[in-house]
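The lines below spell out each chain.
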Amino acid sequence: MSIDPRFSWPTRIYWEDTDAGGVVYHARYVAFMERARTEWMRALGYGQESMRCGEGQVFVVRAMTLDFLKPARLDDELMATVTLLQCRRASLVIDQTILRGDQTLVTAQVRLAAVGARDFRPQAMEDTLYATLKPLETKFAQH
């Protein structure tokens, strides 16, 4: 399977995403990024529910660093991107951006841990998933 190393997922800003001034509430960007990571994994053939029920494994956010550069506003069309920076047997480091056209609004680096769905203890990814992700690894952030 061939997939662009930088995955993108669109979103639009609704009232529920904003404060009283029509500016996106900062925590909503985390949700937009989560959706993009979820759709990226689904595009690779690994939906969250099938992973949880099949191999009994999920990814959890271990750490996240965000940089808020410009605000998004009501009705904006945004793009959330995902780029895999590092793939280890039990963890991933992902670079994410929120874009409005060619403007970068938010950047983030997200560290994910692979854990058992029942006990949330760290565990290595199954071999097929690791073999799917490892070739997508890039050492260059896409900001």
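For every chain, the first residue of the written sequence is number 1, and numbering continues from 1 along that sequence. Local features in a predicted model are, by the rule used here, given only for residues with pLDDT of at least 70; side-chain atom pairs are given and counted only at 80 or more, and totals for whole chains, interfaces and linings are based on all residues. The basis for every side-chain value is the complete set of heavy atoms in the structure, and neither hydrogens nor water enter the calculation.

S.K.: Honestly, the confidence of the model for the chain in this entry has me stumped. Any pointers?
M.R.: Looking at the chain, pLDDT values average 92 and 94% of them are 70 or higher. On a range of 0 to 100, pLDDT expresses the predictor's confidence in each residue. To qualify as a helix, a DSSP run of H or I must reach at least 4 residues; to qualify as a strand, a run of E must reach at least 2; elements of each kind are numbered from the N terminus. Of all helices and strands in the chain, the one with the weakest mean pLDDT is helix H2 (residues 48–54) (78), whereas strand S4 (residues 91–100) scores best (98).

S.K.: I keep staring at the nonpolar core and nothing clicks. Help me out?
M.R.: Soluble globular proteins tend to bury their nonpolar side chains together. As used in this record, nonpolar core signifies buried Ala, Val, Leu, Ile, Met, Phe, Trp, Tyr and Cys residues forming a set joined through side-chain atoms within 4.5 Å. Think of it in three bands: with a 1.4 Å probe and only protein chains considered, a residue is buried below 20% of the maximum accessible area for its type, exposed above 50%, and partly exposed in between. Of all hydrophobic cores here, the largest spans 32 residues; its most connected members are Trp40, Met41, Leu84, Leu92, Ile98, Met125 and Leu133. Contributing elements (two or more residues each) for this core: helix H1 (26–43), strand S3 (77–88), S4, strand S5 (103–116) and helix H3 (127–133). Residues within four places of leucine 84 in sequence aside, it is in contact with Pro5, Trp40, Leu92, Val93, Ile94, Leu133, Leu136, Glu137 and Thr138. Should any heavy atoms of two residues lie within 4.5 Å, those residues are counted as being in contact.

S.K.: Quick question: what am I supposed to make of the environment of glutamine 103 here?
M.R.: Inspection of the secondary structure assignment puts glutamine 103 in strand S5. For glutamine 103, a relative accessible area of 30% puts it in the partly exposed group. C-alpha of glutamine 103 to C-alpha of leucine 69: the two residues are 34 residues apart in sequence and 9.5 Å apart in space. Sequence-distant contacts of glutamine 103, that is, excluding residues within four places in its chain, are made with Lys70 and Ile98.

S.K.: Can you help me understand the pairing of S5 in this one?
M.R.: Note on strand geometry: in a regular strand, side chains alternate between the two faces of the sheet. When you tally the buried positions in S5, you get ten out of 14 residues, the bulk of the element. Taken together, the ten bridges between S4 and S5 define a ladder with antiparallel strand orientation. Bridging from a neighbouring strand, aspartate 95 pairs with glutamine 109 of S5. Once S4 ends, the chain turns through two residues before running back antiparallel as S5, passing glycine 101 with a positive phi of about 65°. Strands are treated as partners if at least two bridges between them are detected by DSSP.

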